[in-house]
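Structural description and commentary
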Amino acid sequence: MAFVLTLLGSLLACGLEMLEALAIVLAVGITRRFRDALIGAAGAAIALALLAAVLGPVLISRVSLESLRIVIGTFLLLFGLEWLRKGVLRLAHLRSPSSSFREFVEEQEELEALAMPPEGQPDWAGRTIAFKGVLLEGVEVILIVTALAAHPGGLAPALIGAGAAILIVIAIGVFLHAPLSRLPETHLKYLVGVVLSSFGVFFAAEGLGVHWPGSDAALLYLAAGFGLVSQLQVHALARRAPVPA
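The rules behind each value
- Residues numbered from 1 in each chain as written.
- Predicted model: local features only at pLDDT ≥ 70, side-chain atom pairs only at ≥ 80, totals over all residues.
- Heavy atoms only, no water.
- Phe/Tyr/Trp six-rings, centres within 6.5 Å; stacked < 30°, edge-to-face > 60°.
- Helix = DSSP H or I, 4+ residues; strand = E, 2+ residues; numbered from the N terminus.
- Buried < 20%, exposed > 50% of the residue type's maximum accessible area, 1.4 Å probe, protein only.
- 1 Å grid on protein atoms, 1.4 Å probe; cavity = no way out; pocket = protein on both sides within 12 Å on 5 of 7 lines; lining within 4 Å.
- Points joined across faces, edges and corners; volume = space filled by probe spheres on them.
- Nonpolar A, V, L, I, M, F, W, Y, C, P; charged D, E, K, R; others polar.
- Lys, Arg positive; Asp, Glu negative; His and termini not counted.
- Salt bridge = Lys/Arg side-chain N within 4 Å of Asp/Glu carboxyl O.
- Contact = heavy atoms within 4.5 Å.

This part takes up the packing of aromatic side chains. Counting across every chain of the model gives four aromatic pairs. Measuring from centroid to centroid gives 4.8 Å for Phe75 and Phe79, while their planes differ by 65 degrees, and the two rings are edge-to-face. Placement of both Phe75 and Phe79 in helix H3 (residues 65-91) is noted, with a separation of four residues, approximately one turn of the helix. Summarising the aromatic geometry, the rings of Phe199 and Phe203 are spaced 5.3 Å apart at their centres and angled 50 degrees between planes, so their arrangement reads as tilted. Here Phe199 and its partner Phe203 are both found in helix H7 (residues 185-207), four residues apart, which amounts to about one turn of the helix.

At His93, a residue that is not glycine, the phi angle is positive and equals roughly 65 degrees. Examined against the element boundaries, His93 turns out to sit in the loop between H3 and helix H4 (100-112). On the accessibility criterion, His93 (52% relative accessible area) is exposed. Although it is not a glycine, Ser215 sits at a positive phi angle of roughly 55 degrees. Considering the arrangement of structural elements, one finds Ser215 in the loop between H7 and helix H8 (218-240).

On to the layout of surface pockets, then. Think of a ball as big as a water molecule: rolled over the atoms, this probe shows where empty space is left. Approximately 1000 Å³ is the volume attributed to the largest pocket. Along its surface, the largest pocket is lined by 35 residues, and Met18, Ala45, Leu48, Val134 and Ile166 are the ones closest to its centre. At 10 residues, the largest contribution of residues to the lining of the largest pocket is made by helix H2 (residues 34-62). Here the residues of the lining of the largest pocket sort into 27 nonpolar, six polar and two charged. Roughly 320 Å³ of volume is contained in the second largest pocket. Around the second largest pocket sit 17 residues that line it, and Glu17, Glu20, Lys86, Arg90 and Lys189 are the ones nearest its centre. Looking at the lining of the second largest pocket, the elements that each hand over two or more residues are helix H1 (2-31), H3, H4 and helix H5 (124-150). When residues of the lining of the second largest pocket are assigned to their parent elements, the largest contribution, five residues, is made by H3. Classifying every residue of the lining of the second largest pocket by side-chain character gives three nonpolar, three polar and 11 charged.

With that settled, the discussion passes to the side chain of Arg90. Relative to the elements of secondary structure, Arg90 occurs in helix H3. Of the side chains with opposite charge, Glu20 comes closest to the buried, unpaired Arg90, at an N-O distance of 6.3 Å. If we skip the residues at most four places from it in the chain, Arg90 touches Arg95, Ser96, Pro97, Ser98, Thr186 and Lys189.

Here's what the structure looks like:
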């Protein structure tokens, strides 16, 4: 059960963050030059690989198992509750829906205002924007995957989920040349919030000595609890929200 939920959480969280990074890289490539967009993205990927190589081993080797569970749980809970908060507001129509396609269009509009360098000279503005976009989204991916992988038995599903997310997003970029405009990102991010929040409570409580009834199956009733409470909140907020045009 923990294996499946870890893989699902890693796949969804990484995939959605990478879609946002893809939107920025594609916007740079289509509006300016793909070569400079890919150079900027590659530079960010190298920096992220170095960060991942350092963060995981240091976290696991320097922190005791109980403390590690508390740290992991607290971090995932904070991440999950933030995703869940935004998801509730979006489902209640109090926040605009999440859309990598909209970010793609907005990024294109901003890039069109920047002057292009002469042919043959590097486009440092495009490279910088691509680098920054991939780096910022990638740091969040690394932190989530590291936290999920640091839990005993979590390394394999976290890496499998992240690897699958990378392949899916690359396929989207290569074959579609644009982010999926019809992807239900709002609902997927809401689901990620439920999953990460459940893991956060589960890990932190284990670190404090709590023995969950049903062992890993506790993740199911924790997720159900978060889902039920958040849906009640969505309906309560939606009744007070103005009707969208």
